[in-house]
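# Fold and contact review
Letter by letter, the chains look like this.
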Amino acid sequence: MEVRVTVPALRSHKVADGRTPLVMVTAYDAPSARIADEAGVDLILVGDSVAMVVLGYEDTLQVGVADMAHHTAAVARTSPRALVVADLPWLSYHRDRADTVGNAGALVRAGAAAVKLEGGRVRVPMVSALVDAQIPVMGHLGLTPQSVHVMGGFKVQAQDDEAAAALLADASALVDAGVFAIVLEGVPADVAASVTDAVDVPTIGIGAGRHCDGQVLVFHDLLGLQDRLAPRFVRRYADLKAEGVKAVAAFAGDVRTGAFPSDSESYVRRGRGR
Ligand code: KIV
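What counts and how
Residues numbered from 1 in each chain as written. Predicted model: local features only at pLDDT ≥ 70, side-chain atom pairs only at ≥ 80, totals over all residues. Heavy atoms only, no water. Near = heavy atom within 4 Å. Polar contact = N/O pair within 3.5 Å; in protein donor to acceptor, adjacent residues only side chain to side chain. Areas by Shrake-Rupley, 256 points an atom, 1.4 Å probe, with all protein chains shown as cover. Nonpolar A, V, L, I, M, F, W, Y, C, P; charged D, E, K, R; others polar. Core = buried A, V, L, I, M, F, W, Y, C linked by side-chain atoms within 4.5 Å. Buried < 20%, exposed > 50% of the residue type's maximum accessible area, 1.4 Å probe, protein only. Contact = heavy atoms within 4.5 Å. Helix = DSSP H or I, 4+ residues; strand = E, 2+ residues; numbered from the N terminus. Arc of directions from axis to C-beta.

## Comments concerning the site of the ligand
- Around the ligand, the surrounding shell consists of T26, L45, G47, D48, S49, D87, K116, H140, V183, E185, I206 and V218.
- A distance of 2.5 Å separates an oxygen atom of the ligand from a polar side-chain atom of S49.
- At a separation of 3.1 Å, an oxygen atom of the ligand approaches a polar side-chain atom of D87.
- Compared with its free state, where it exposes 260 Å², the ligand has 95% of that area covered by protein.
- For the shell around the ligand, the residue count by class is four nonpolar, four polar and four charged.

## Let's talk about the nonpolar core
- Counting residues in hydrophobic clusters, the biggest one holds 56 residues, and the most contacted among them are I44, L88, L107, V115, L130, I182 and L184.
- Dropping the residues within four chain positions of it, V115 is found in contact with V85, A86, L88, A104, L107, L130, I135, P136, V137 and M138.
- Core analysis: the second largest hydrophobic core is formed by 17 residues, V5, L10, L22 and V183 among them.

## Let's talk about helix α6 (residues 124-132)
- Among the residues making up α6, those that are buried are M126, V127, A129 and L130. All buried residues of α6 project into a common sector of 160° when viewed along the axis, lining one side.
- Where α6 is buried, its residues touch α5 (97-109), β4 (114-116), β5 (137-142) and α8 (161-177).
- The positive-phi residue at the C-terminal boundary of α6 is Q134, with phi of around 70°.

If you want it as structure tokens, here you go:
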């Protein structure tokens, strides 16, 4: 029987202890979750990147708890072996502890085993509230897309010593508050390496270099399902957008020439089969 990935199994997963790097991929629906799980990833992130990647928005600020619950439920219905983590969307954990726990609870009831939230020391009260409510929390530091307007765009963070020290302090505070893992996004590789060395929970990098305890990519980026400009950290392992255009164009051609459907793709009345 396949063993499901659990939060306790991940909490102390450190490459420095000889463990293999963790693999996390985003998924937003049942087909993408099945592909990720059959490929053997450790974690599936129902990211609020769904806003940009699937729903066509310019940033991640446009989705709410109901949207995230809808996509989380679609992923969870596939019963993946991988741990399902759902993003708490913007403004769902910024007001008060009760609101935060209620919103995270909605994602857990939709099928998530854990939630992810962005920010460091300022989020500690909310992380504590979630941990008190038995909801595992993943942190997210560095380039935090929900802060796009504060950052003035999607920009690499922690570039000077002061900002790098602040990031380290944020990571330590999140760990003290009880997070079981931290995503490090868009930070210099040496800064990610220092954080990874300093904390006893796994770090999962995206645009954070190779010295993390795992890596995450957005499903549509790694499969080349979109061909918009990609940041330098994206490696495309397939070109499925081009394949898709080719396939739909072939279908259109077959319809227009009458080559589709064939007799074998059509039904005949009982007793009149060829
Ligand atoms: O929403 C998302 O896809 C994310 C990853 C980039 C880590 O938060």
